Amino acid sequence: MFDKRNQLIFYANILIIVFGIIVVLFSDFMVVGLLIIAAAALLIYEQIKQNKDAFSISGLEKILTVKDTCGNKAVLTQKQKTTACHNENKVFWFKNISPSGSIGNFRINGLAPLKQTKDDQNKYQLCMALPAQSKATNGIDTTLSYTCTNAFGHTNCALSHAVDDDTDQLKLIVELPEGRPITSAQTYCVYNGTKEILTPPAVSGETRIETEINEPKLGAEYGLEWIWPEANIIRKIGCYLK
C-alpha cells in the first residue's frame with residue numbers, strides 16, 4: 001500500500017508509539033507518553049487514509065442477459081455501490097470494458113457517460129461524474145448498462161470482470177433464453193497470468209448461471225464460461241428474421 005518514503009514514515013511513527021509506551025510504563029510522565037502515543041497513532045491513521053485507493057466497491061453484481069438463442073442480442077447490466085475514499089474525487093471511471101462482438105448504447109444511471117475512450121487494446125473506459133456536493137464518500141448506488149451484438153453465438157462463451165477497485169463481493173450472473181440449454185459451465189480467475197478454476201457456479205433450469213466471489217483480488221479477472229450447443233439452422237433463420 002505504501003511506497004518506500006511512506007513506509008519509512010509509517011515505521012517512524014511505530015517507533016514513536018513504542019517510545020510513548022516506554023514513557024508511560026517506566027517514567028512519571030504518563031500524560032506526556034499518552035499524548036505521544038495518540039499523536040503518532042493519528043499520523044498513522046491519516047497516512048493510511050491518504051494512501052487508500054480512490055474508490056471502493058461493494059456488492060458488485062454483473063448480469064448478462066442473452067435475448068435470443070443465436071446469441072445475437074444481449075444486454076449487460078452492472079450494479080454496484082461506489083464509495084469515494086477521498087472528498088476531492090469528482091469522477092469515477094469504469095475501466096477495462098472488453099467488447100464481445102459489438103457493444104454500445106452505454107448508460108450510467110440512465111444517462112450517457114460524461115466521457116468515453118477506447119485504448120490500444122480495444123478496451124472501453126467510461127467516465128461518470130459524481131453529483132455536486134454528493135455523499136459519494138458514504139457510497140452511491142450506480143448502474144452501468146450497455147448492449148452487445150453478435151457476441152454470444154459461439155458454442156463456448158464467457159462473461160468476465162476485471163477488478164480495478166477494492167471490491168468486497170463480486171457476483172456474476174448469466175441469463176440465457178430457453179431453447180438452447182447449456183451443457184457445462186465453470187468459474188475461473190486469471191491473476192498474474194495464471195488461470196485458476198474456482199468452485200463451480202450454480203446452474204438453474206439450464207438457463208441461469210451464477211457465481212459469487214467474496215473479496216476478489218485487486219488486479220484479477222474473474223469469469224463465467226459456459227458451453228451450449230450450436231444453434232440449429234431453423235433457429236438461426238428465425239433469429240435473423242426478427
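Residues numbered from 1 in each chain as written. Predicted model: local features only at pLDDT ≥ 70, side-chain atom pairs only at ≥ 80, totals over all residues. Heavy atoms only, no water.

1. Structural notes on the overall build of the chain
Part 1: In terms of helices and strands, the chain carries three helices and 15 strands.
Part 2: Here the chain holds 242 residues, and the buried ones make up 37% of them.
Part 3: For the chain, contacts bridging at least 24 residues in sequence account for 74% of all contacts bridging at least 6.
Part 4: When the accessible area of the chain is evaluated, it comes to approximately 14,100 Å², of which 55% is carbon and sulfur surface. (Helix = DSSP H or I, 4+ residues; strand = E, 2+ residues; numbered from the N terminus. Buried < 20%, exposed > 50% of the residue type's maximum accessible area, 1.4 Å probe, protein only. Contact = heavy atoms within 4.5 Å. Areas by Shrake-Rupley, 256 points an atom, 1.4 Å probe, with all protein chains shown as cover.)

2. Structural notes on the nonpolar core
Part 1: In this structure, Leu 64, Phe 152 and Trp 226 are the most contacted members of the largest nonpolar core, which totals 41 residues.
Part 2: Counting residues per element, this core draws most heavily on strand E1 (residues 55-66), which supplies five residues.
Part 3: Excluding residues that lie within four positions of it along the chain, Leu 64 makes contacts with Ala 74, Val 75, Leu 76, Phe 152, Leu 159, Ile 173, Val 174, Glu 175 and Trp 226. (Core = buried A, V, L, I, M, F, W, Y, C linked by side-chain atoms within 4.5 Å.)

3. Here we look at the environment of Ile 63
Part 1: Looking at where Ile 63 falls in the secondary structure, it is placed in strand E1.
Part 2: For Ile 63, a relative accessible area of 14% gives the class buried.
Part 3: Distance from Ile 63 to Gln 78, taken between C-alpha atoms, is 6.3 Å for residues 15 residues apart in sequence.
Part 4: Residues contacting Ile 63, with those up to four places away along its chain left out, are Val 75, Leu 76, Thr 77, Ile 173 and Glu 175.

4. Here's the deal with the side chain of Gln 78
Part 1: Note on placement: Gln 78 falls in strand E2 (residues 73-84).
Part 2: The exposure class of Gln 78 is buried, given its relative accessible area of 6%.
Part 3: Side-chain polar atoms of Gln 78 contact the side chain of Gln 80, separated by 2.8 Å.
Part 4: Excluding anything up to four places from it in sequence, Gln 78 contacts Leu 60, Glu 61, Lys 62, Phe 94, Thr 142, Thr 143, Leu 144 and His 161. (Polar contact = N/O pair within 3.5 Å; in protein donor to acceptor, adjacent residues only side chain to side chain.)

5. Some points on the sheet that holds strand E8 (residues 156-162)
Part 1: Strand order in this open sheet of four strands is E8-E15-E11-E12, and the pairing throughout is antiparallel. The open sheet has two edge strands with one neighbour each: E8 and strand E12 (194-197). If you compare each strand with its neighbour and ignore which way they point, the axes differ by 25° on average.
Part 2: When E8 meets strand E15 (residues 221-227), the two strands line up antiparallel, connected through seven bridges. Bridge pairing links Cys 157 to Trp 226 in E15. (Pairing = 2+ DSSP bridges. Axes fitted to C-alpha atoms, helices over the stretch in contact; angles between N-to-C directions.)

6. Let's talk about the layout of surface pockets
Part 1: Size it by volume and the largest pocket reaches roughly 470 Å³.
Part 2: What lines the largest pocket is a set of 30 residues, and nearest its centre among them are Lys 62, Asn 96, Ser 160, His 161 and Ala 162.
Part 3: Among the elements of the structure, E1, E2, strand E3 (91-97), strand E7 (140-149) and E8 are those that each provide at least two residues to the lining of the largest pocket.
Part 4: In terms of residue count, E3 provides more of the lining of the largest pocket than any other element does, six residues in total.
Part 5: Residues that form the lining of the largest pocket fall into these classes: 16 nonpolar, eight polar and six charged. (1 Å grid on protein atoms, 1.4 Å probe; cavity = no way out; pocket = protein on both sides within 12 Å on 5 of 7 lines; lining within 4 Å. Points joined across faces, edges and corners; volume = space filled by probe spheres on them. Nonpolar A, V, L, I, M, F, W, Y, C, P; charged D, E, K, R; others polar.)

Honestly, it's all geometry; don't read function into it.
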